[in-house]
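Structural features, examined
What follows is the residue order along each chain.
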Amino acid sequence: MTAQLIDGNALAHKIRAEVAHRTAALKARGVQPALSVILVGDDPASDVYTRHKVKDSTETGLAATLERYPATMTQADLLARIRTLNADAAVHGILVQLPLPRHMDTHKVIETISPAKDVDGFHIASAGALLVGQPGFWPCTPFGCMKMLESIGCELRGKHAVVIGRSNIVGKPMALMLLQKNATVTICHSATADLGAITRQADVIVAAVGKRNVLTADMVKPGAVVIDVGMNRNDQGKLCGDVDFEGVRQVAGWITPVPGGVGPMTRAMLLVNTLEAAERVT
Ligand code: NAP
């Protein structure tokens, strides 16, 4: 068996079209959904990511501004800027690009963003809302993974879902989202003994580790759905995931490619969250 591909580019394209449609409807009622992106410092990857976020937004009709500050910016100044944006009714979403310079307290910075504008879903109030099943913003990467599962008609109720990785931005929220859909969830991490023994029981596997070949064909039950969040470089310097794609695709039922899988979905879900932030206050 060769797994079917879950095409993140195609699904993201569809979601962006839906966002554009809903944005146009909001604009017709006199509301311009708007995202403010803040970049502190000159990390090259962050520079690319933030420019993508602004470009994606403007292409779908959302207003987006990128504010760049030097790495020497004080934390007090950053917090003051966030508070000004919190109070600005014309701004619906605020995103502070991570990582921040070392002299800043990331937790404090994120907690200063109004939960109503926390479109990255990293605020503790957003995490709490997800935990207790209340409305809030879901972190874009696991939210995108859920959309991918939905797109293939994957019924999660009663299924065993295994999440590899327990970060606050991917693994933990991913597990909670799967739980909310009535999957039986196992979370694995660096101290997990015999990862393969657990993943072989899984109907759905989400790999969010950041290491190549964490999941190989012998660790996958035939027909399982495999979502690869990882972003790594192979020996040739090409982007690859955590999953041994060529091996696992011979066993799995569905698989996401890297690139062209979770990455574009993460970008699309930021647009969804920003639009929803605007819709919620109008
Ligand atoms: P992270 O904060 O470094 O977390 C990695 C997790 O993997 C940790 O929980 C760690 O366990 C676990 N782990 C490490 N080695 C392991 C092993 N051998 N077996 C099982 N678990 C292991 O990373 P992250 O931010 O969650 O990101 C994970 C990956 O996803 C990275 O490659 C990142 O670049 C990628 N990513 C992609 C997107 C996208 O849009 N495509 C978005 C976000 C992240 P401990 O907790 O025990 O240390």
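This text follows the structure it describes.
On a predicted model such as this, the values are computed, not experimentally measured, just so you know.

**Quick word on the sheet that holds strand β4 (residues 93-96)**
The strand order β3-β2-β4 describes an open sheet built from three strands, whose pairing is parallel. Both outer strands of the open sheet, β3 (63-69) and β4, are each paired with one neighbouring strand and no more. Between one strand and the next, the sheet's axes are offset by a mean angle of 15 degrees, whatever the strand orientation. Relative to the sheet, helix α2 (residues 44-59) contacts β2 (34-40), β3 and β4, its axis offset from that of β3 by approximately 160 degrees.

**Some remarks on the site of the ligand**
Inspection of the region around the ligand gives 20 residues, with R166, S167, S190, M231 and T266 positioned closest. Note that a nitrogen atom of the ligand is positioned 3.0 Å from one of the side-chain N or O atoms of K211. T266 is positioned such that a nitrogen or oxygen atom in its side chain is 2.8 Å from an oxygen atom of the ligand. Compared with its free state, where it exposes 930 Å², the ligand has 70% of that area covered by protein. Among the elements that take part in the shell around the ligand, helix α10 (residues 262-280) stands out by supplying three residues, more than any other. Grouping the constituent residues of the shell around the ligand by class yields eight nonpolar, 10 polar and two charged.

**With respect to the layout of surface pockets**
Size it by volume and the largest pocket reaches roughly 1200 Å³. Together, 44 residues line the largest pocket, and Y49, T141, M231, G263 and T266 are the ones closest to its centre. Elements represented by at least two residues in the lining of the largest pocket include exactly α1 (8-28), α2, β4, α6 (140-151) and α10. For the lining of the largest pocket, the leading source of residues is α2, giving eight residues.

Cut-offs applied
Residues numbered from 1 in each chain as written. Predicted model: local features only at pLDDT ≥ 70, side-chain atom pairs only at ≥ 80, totals over all residues. Heavy atoms only, no water. Pairing = 2+ DSSP bridges. Helix = DSSP H or I, 4+ residues; strand = E, 2+ residues; numbered from the N terminus. Axes fitted to C-alpha atoms, helices over the stretch in contact; angles between N-to-C directions. Contact = heavy atoms within 4.5 Å. Near = heavy atom within 4 Å. Polar contact = N/O pair within 3.5 Å; in protein donor to acceptor, adjacent residues only side chain to side chain. Areas by Shrake-Rupley, 256 points an atom, 1.4 Å probe, with all protein chains shown as cover. Nonpolar A, V, L, I, M, F, W, Y, C, P; charged D, E, K, R; others polar. 1 Å grid on protein atoms, 1.4 Å probe; cavity = no way out; pocket = protein on both sides within 12 Å on 5 of 7 lines; lining within 4 Å. Points joined across faces, edges and corners; volume = space filled by probe spheres on them.

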